[in-house]
Amino acid sequence: MKTEFRKLSDKIGVEAIGVDLSKMPDGKKMDELEKAFVDNCVLLFRNQQLTEDQHVAFSRHFGGLEIHVLKQYLLPDHPELLRISNIQENGKNIGISDAGQYWHTDLSYTRTPSRCSVLLAKMIPDADAGRSFGDTCFVNTIAAYEDLNEETKTYLLKLKAIHSYSDRYERMRAVSEGASQRAPLTEEQKKQVPDVIHPVVRTHPVSGKKSIYVNEGFTMQIEGLPADESDRLLKQLFDHCASEKFMYRHKWKAGDMIMWDNCSTQHLAIADYGLHQPRLMHRTTVTGTPVF
């Protein structure tokens, strides 16, 4: 039987209905999931009860897996899995507690950014009234590019931009005032993530569609433009991409697994919960291809 898909919003995302990822889908079903993913940028699976091995195995279907630079937050027996959590043990966070609380594209700060991320909700904060906390917003940057006029598209195709992990990391340390318990990056960690330059508009390696590839999380400057002009253009692009018409806001439930295409999306984590509301997510990151 063909998998049933339900649209999550007008411009981005579908839910795959009735798929149990603990039983690895066969080749034909995987092809259906792959096509739905490329076409819709975000793919949701509900009610997933996966072991760490199963999470890793499913993710590997889409490519090799990255090992995050913050190794203190990786699962000891499964270094492909990054913990995102506000839970503390012995006074220290077991995962990244302030991950993604700004619009960004995962690993855009690397020479070969990731293809996609696969995030499984293990524990979600709930209010007394049953409302979930910690929503994640996703936007379709292919749709954002296609919405531009032809003159702007032509101009942007000529530009490149600088992406930096170290700069974002230090800004997060500064604004958190220690709340995130982010230690300074070591010199070895900094060497692993040097600043990189990518085209402002990238081409999707599978669909061939073009997308806006700058984000407020990691894009620092348009190469070759004066600082004020660069800042002005970047803000215009950031605001345009974050428009609600390109957006899907996901309200998490435990057992939700979402994968998103880092070639064609940005996302933002809503930090509206406290330490008394435990949150735990496991994420794999699939290796991508050079930006062109």
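Now for a description of the structure that goes with this document. None of the values given here were measured: they were computed from a predicted structure. (Residues numbered from 1 in each chain as written. Predicted model: local features only at pLDDT ≥ 70, side-chain atom pairs only at ≥ 80, totals over all residues. Heavy atoms only, no water.)

Brief notes about the overall build of the chain
Of the regular secondary structure elements, the chain holds seven helices and 18 strands. Relative to the 2.2 N^0.38 estimate, which gives 19 Å for 292 residues, the radius of gyration of the chain is 19 Å and therefore close to what a compact globule would have. Within the chain, the fraction of its 292 residues that count as buried is 55%. Restricting the contact set of the chain to residue pairs at least 6 apart, pairs at least 24 apart contribute 79%. Split by element, the accessible area of the chain, about 13,500 Å² in all, is 50% carbon and sulfur. Taken together, the 37 basic and 40 acidic charged side chains of the chain have centroids lying 2 Å from each other. (Helix = DSSP H or I, 4+ residues; strand = E, 2+ residues; numbered from the N terminus. Rg over C-alpha atoms; globule rule 2.2 N^0.38 Å. Buried < 20%, exposed > 50% of the residue type's maximum accessible area, 1.4 Å probe, protein only. Contact = heavy atoms within 4.5 Å. Areas by Shrake-Rupley, 256 points an atom, 1.4 Å probe, with all protein chains shown as cover. Lys, Arg positive; Asp, Glu negative; His and termini not counted. Charge placed at Lys NZ, Arg CZ, Asp CG, Glu CD.)

Let's talk about the packing of aromatic side chains
Here the structure, examined in full by the defined rule, presents eight aromatic pairs. Both rings, one in F37 and one in F62, keep their centres 6.1 Å apart while their planes meet at 70°; by these two values the pair is edge-to-face. Separated by 25 residues along the polypeptide, F37 in helix α1 (residues 27-40) and F62 in the loop between α2 (52-60) and β4 (74-75) bring together distant segments of the chain. Through a chain of ring-to-ring contacts, the aromatic side chains of F37, F45, F58 and F62 assemble into a single cluster. The cationic tip of K153 hangs over the ring face of Y145; the distance from NZ or CZ to the ring centre is 5.4 Å. Seen from the ring of Y213, R202 lies directly overhead, with NZ or CZ sitting 4.9 Å from the centre. (Phe/Tyr/Trp six-rings, centres within 6.5 Å; stacked < 30°, edge-to-face > 60°. Lys NZ or Arg CZ within 6 Å of the ring centre and 35° of its normal.)

Some points on the pairing of strand β15 (residues 247-250)
Residues Y248 and H250 of β15 are buried on one face, while the alternating residues M247 and R249, pointing to the opposite face, are not. Two strands pair when backbone bridges link them, and strand β9 (residues 136-140) and β15 are joined in this way by four bridges, in the antiparallel orientation. Counted as the bridge partner of V139 is M247 from β15. (Pairing = 2+ DSSP bridges.)

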